[in-house]
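Letter by letter, the chains look like this.
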Protein chains: 2
Amino acid sequence: MNKKHIVILGAGYGGMMTAAKLQKNLHPNEAEITLINKNDYHYQTTWLHENAAGTLHHDRTKIKIKDVIDSNKVKIVLDEVKCIKPEEKAVKLQNGAIHYDTLIIGLGFETATFGIPGIKEHAFTIGNINNARLLREHLDFNFASYHNELEKKNARLNIVIGGGGFTGIEFAGELANRIPQLCEEYDIEKAQVRIIIMEGAATVLPGFDEQLVEYAMNSLESRGVEFINGALLRECKKDSIVYEKDGKLCELPTMTTIWAAGVRANSIVEKSGFETNGGKVEVRCDMRTPDFEDVFVIGDCALIKNQETGRAYPPTAQIAIQQAETVANNVKASIHQEEMDSFTPNLQGTITSLGNNDAIAEVFGRKLFGWKASCMKKMSDNRYLLKLGGLSLLMKKGKFNFFY
Amino acid sequence: MNKKHIVILGAGYGGMMTAAKLQKNLHPNEAEITLINKNDYHYQTTWLHENAAGTLHHDRTKIKIKDVIDSNKVKIVLDEVKCIKPEEKAVKLQNGAIHYDTLIIGLGFETATFGIPGIKEHAFTIGNINNARLLREHLDFNFASYHNELEKKNARLNIVIGGGGFTGIEFAGELANRIPQLCEEYDIEKAQVRIIIMEGAATVLPGFDEQLVEYAMNSLESRGVEFINGALLRECKKDSIVYEKDGKLCELPTMTTIWAAGVRANSIVEKSGFETNGGKVEVRCDMRTPDFEDVFVIGDCALIKNQETGRAYPPTAQIAIQQAETVANNVKASIHQEEMDSFTPNLQGTITSLGNNDAIAEVFGRKLFGWKASCMKKMSDNRYLLKLGGLSLLMKKGKFNFFY
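*Asks:* Is there a simple way to think about the overall build of chain A in this case?
*Replies:* Assigned secondary structure in chain A consists of ten helices and 24 strands. Over its C-alpha trace chain A gives a radius of gyration of 22 Å, about what one expects of a compact globule, namely 22 Å for 404 residues. With respect to the principal axes defined by its C-alpha atoms, chain A has extents near 75 × 45 × 45 Å. Counting over 404 residues, chain A shows a buried share of 56%. Within chain A, counting contacts between residues at least 6 apart in sequence, those at least 24 apart form 65% of the total. Carbon and sulfur atoms form 49% of the exposed surface of chain A, whose accessible area is close to 18,200 Å². Separation of charge centres in chain A, based on 48 positive and 51 negative side chains, amounts to 3 Å.

Shown next, in the form of structure tokens:
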């Protein structure tokens, strides 16, 4: 029997869940499965803002691939994808190359700086374990430095978050909880620290329910977060930023700018010659690329439009996890030469955390805020862990601090 | 009755212990006592290397002055001493001035860089809580940065300790215990990290028993510490050091140089016009300055020579604490117009920690090493706490991890 080789690129929400499903649904005689990832761990991107703020240790966010994937059923290759050659059915890696019969691309997102000078050099991002813990340490280092300089620098204590979307707001919420601890640790007055959210639109969380946005802003403001809306970041320097507001250029001293205003699909996809739309592959309804029968795309690299509104679905963990189910089914169907499923997202809503014990949510058509919304968020996170790795993973990494 | 005003400058080992003694020995009607210190806490200088390495939190090292000193008996002024004017019996502070009848100078030490270029700008020191926790955060920040750079920099993982005296050796011992934790935290191979002790003399811990020095070097080497002896630091740059060995100049990439090779008495003493010898006041046998009847000097700013050898006693916590007893007695004697005591150091020995559970010691004429010496060290630290603040302070800050 000629075993098919299924290759999954990336162990993010989509790739990891696809691998977990396939190891259950396919018999080892039917196919060989390989999961390629840079690190030996999967991480929950949606928890990284907590690691970056220092309110949750990154070990909680990391999930060892081997804790979920049975290496007898799925071969795990630790390597970095450099390029995909769909015509040759091959993937070029940092340390070699691999051939596939069926490919699943789950390579996630990368930062988009829109050409704003200095972002790449001086701004921090919250995109993976490495840069999340770097940001945490950078904050600590600045607070620790403050009293060691004769001339006290406000730039060390001003923290600017570029972008008032989900990431920016969620990070601000955690940071607002973290700052009092940092102040205590380094003998700094809380009033000296500024957290500033800078948003280009007239309001933060554009698209979210107005009432809930107001709730979020009040919650954050009560903990010392400032908002500068309608402001565009023009340059990020080592110890300041320049922004434009009402047609005027302003400068603000800061050594900590967090760029949370732009992500794009991993550029490897575009560079590998796939037909893309804004960097993403607009997949067929069975999640395959329009131009290759044997390539599936999942998660942030896949573009799916809402048939009714014509607008693209947002690149969320929720949708990536749902796609994994369809992709795993369709990979199995292709091996069994059965008909493939169509993917239909089942939008259950959006929950934005505002720090521990506070959140806003639009779920099942209802608005929630405060403790209830925060519980919903933790429960939704826990549900993913249960789905991915069963009870043992849930017990190991779950969030049970509902009353904390 | 004309109450005398006793002013104590600095809440280090000497000043703090003097204040604690005086509040017991003098009746509030006899004198007014003021303790002037920059911070509202005293800290145990001999524990700072642990805070700097990150093996002990600095809250354990800090002792709130109010936990030991009764503010009904001793007025605590939080201010920075700028200059002493002994002719005017006055002390100039950052925010004012104060008059005294009797002055006790316990202003401690500062770093001496011997004019080596770059030390002041780029090297770290272990001299107070602020710079100890800065060093801890700097280490964390470098380890966190390592995986965020495309071009991996060894300079981030090379740690150079300039000086193989007590401070350098004790810090290296703690660091050797800390590095495996840092490696785990930031996914770095332990073999990539270097700890290098650079010493100008032919051996580290000059003056210490040869056999014990060998023990110390073996203990540290077994945990990955390297020694470069007979090497002189010539320049400290942002990401490297230049040193001279066997007449040749060598460069070593490092972003972390810890300068542990030179301290001197607080330069305020010299600048204030006291007669000094190498920056210190060679005090009379009753601990007063040679030129002023009403000024005592204690701790690192005081110079006392061993009558037999003619050599100065080292500036240790042990001696400062003993001096405090004499100074407190003599201040009381001067108020009662009684005769003053002479100070005679009671050298009980030296213990050098090599990290948790290891140490070398020469005490009561005996050589000790390993667990026994480490126990002695902790017991000696605990005895100080008991002496300073009684059982409650000992229970709060003591070291009881004898078997850990």
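*Asks:* Help me understand the relation of the copies chain B and chain A, please; the structure alone is not making it clear to me.
*Replies:* Here the second copy of the chain follows from the first by a rotation about an axis and a shift along it. The transform that puts chain B on chain A rotates by 180° and translates by 0.0 Å along the axis, for an RMSD of 0.0 Å. These values place the two chain copies in the arrangement generated by a two-fold rotation axis. Looking at the interface residues of chain B, 100% of them are also at the interface in chain A, so both copies use one shared face.

*Asks:* Would you take a moment to explain the environment of Val 160 of chain A for this structure?
*Replies:* Residue and element names in this part refer to chain A. Relative to the elements of secondary structure, Val 160 occurs in strand β11 (residues 158-162). Each C-alpha atom, one on Val 160 and one on Thr 256, is 6.3 Å from the other, the two residues being 96 residues apart in sequence. Beyond its immediate sequence surroundings of up to four residues, Val 160 is in contact with Ile 196, Ile 241, Leu 252, Thr 254, Thr 256, Thr 257 and Ile 258.

*Asks:* In this structure, what is going on with the sheet that holds strand β24 (residues 366-369) of chain B? I would like to understand it.
*Replies:* Backbone hydrogen bonds hold the strands of a sheet together, and the pairing may be parallel or antiparallel. All names here are of chain B. Read from one edge to the other, the open sheet built from three strands follows the order β22-β23-β24, with strand pairing classed as antiparallel. Edge positions in the sheet fall to β22 (349-353) and β24, since each of these pairs with one other strand and no more. Neighbour to neighbour, the strand axes of the sheet diverge by 5° on average, direction disregarded. Contacting β22, β23 (359-363) and β24, helix α11 (residues 371-397) runs over the sheet at an angle of about 100° to β24.

*Asks:* Any chance you could explain the pattern of salt bridges here in plain terms?
*Replies:* Two side chains carrying opposite charge are able to pair once their charged atoms lie near each other. Evaluation of the coordinates by the stated rule reveals 50 salt bridges over all chains. For Glu 244 of chain B, the salt bridge goes to Arg 234 of chain B, with nearest N and O atoms at 2.8 Å. Remark: Arg 234 of chain B occurs in strand β14 (residues 231-236) and Glu 244 of chain B occurs in strand β15 (residues 240-245); sequence separation between them is ten residues. Its relative accessible area of 25% is what places Glu 244 of chain B among the partly exposed residues. With a relative accessible area of 38%, Arg 234 of chain B lands in the partly exposed category. Of the charged contacts, one joins Lys 237 of chain B and Glu 251 of chain B as a salt bridge, the two residues approaching to 3.3 Å between their closest N and O atoms. In this pair, Lys 237 of chain B is assigned in the loop between β14 and β15 and Glu 251 of chain B in strand β16 (residues 248-253), connecting sequence segments 14 residues apart. Where salt bridges share partners, they join Arg 284, Asp 286, Arg 288 and Glu 293 of chain A into one cluster.

*Asks:* How should the sheet that holds β16 of chain B be read in this particular structure?
*Replies:* All names here are of chain B. Taken in spatial order, the three strands make up an open sheet running β14-β15-β16, and their pairing is antiparallel. What marks the edges here is a single partner per strand, and that holds for β14 and β16. Averaged over all pairs of adjacent strands, the angle between their axes in this sheet comes to 30°, without regard to strand direction. Of the pairings in the sheet, the one linking β14 to β15 comprises five bridges and is antiparallel in character. Its bridge partner being in β15, Ala 231 is matched across the sheet by Lys 245.

*Asks:* In this structure, what is going on with the domain arrangement of chain A? I would like to understand it.
*Replies:* How big an interface is tends to be reported as the loss of accessible area on association of its parts. Residue and element names in this part refer to chain A. Split by domain assignment, chain A resolves into domain 1 (4-111 + 264-348) and domain 2 (119-261). On a C-alpha basis, the centroid separation for the pair domain 1 and domain 2 is 32 Å. On the side of domain 2, 16 residues touch domain 1, which itself brings 17 residues to the contact. Both faces considered, domain 1 and domain 2 share a buried interface measuring about 1,500 Å² in area, 66% of it formed by carbon and sulfur atoms. Scanning the region where domain 1 abuts domain 2 turns up zero salt bridges. Where domain 1 meets domain 2, there are four residue pairs in polar contact (both at pLDDT 80 or more). Those elements that place two or more of their residues in the side of domain 1 that touches domain 2 are β3 (41-43), α2 (48-53), α3 (58-61) and β10 (109-111). For the side of domain 1 that touches domain 2, the element with the most residues is α2, which contributes six residues. Of the residues contributing to the side of domain 1 that touches domain 2, the split by class is six nonpolar, nine polar and two charged.

Thresholds applied
Residues numbered from 1 in each chain as written. Chains lettered and ligands numbered in written order. Predicted model: local features only at pLDDT ≥ 70, side-chain atom pairs only at ≥ 80, totals over all residues. Heavy atoms only, no water. Helix = DSSP H or I, 4+ residues; strand = E, 2+ residues; numbered from the N terminus. Rg over C-alpha atoms; globule rule 2.2 N^0.38 Å. Buried < 20%, exposed > 50% of the residue type's maximum accessible area, 1.4 Å probe, protein only. Contact = heavy atoms within 4.5 Å. Areas by Shrake-Rupley, 256 points an atom, 1.4 Å probe, with all protein chains shown as cover. Lys, Arg positive; Asp, Glu negative; His and termini not counted. Charge placed at Lys NZ, Arg CZ, Asp CG, Glu CD. Least-squares fit on C-alpha atoms with pLDDT ≥ 70 in both. Pairing = 2+ DSSP bridges. Axes fitted to C-alpha atoms, helices over the stretch in contact; angles between N-to-C directions. Salt bridge = Lys/Arg side-chain N within 4 Å of Asp/Glu carboxyl O. Domains from an automatic or database assignment. Buried area = accessible area lost by both parts, 1.4 Å probe. Polar contact = N/O pair within 3.5 Å; in protein donor to acceptor, adjacent residues only side chain to side chain. Nonpolar A, V, L, I, M, F, W, Y, C, P; charged D, E, K, R; others polar.

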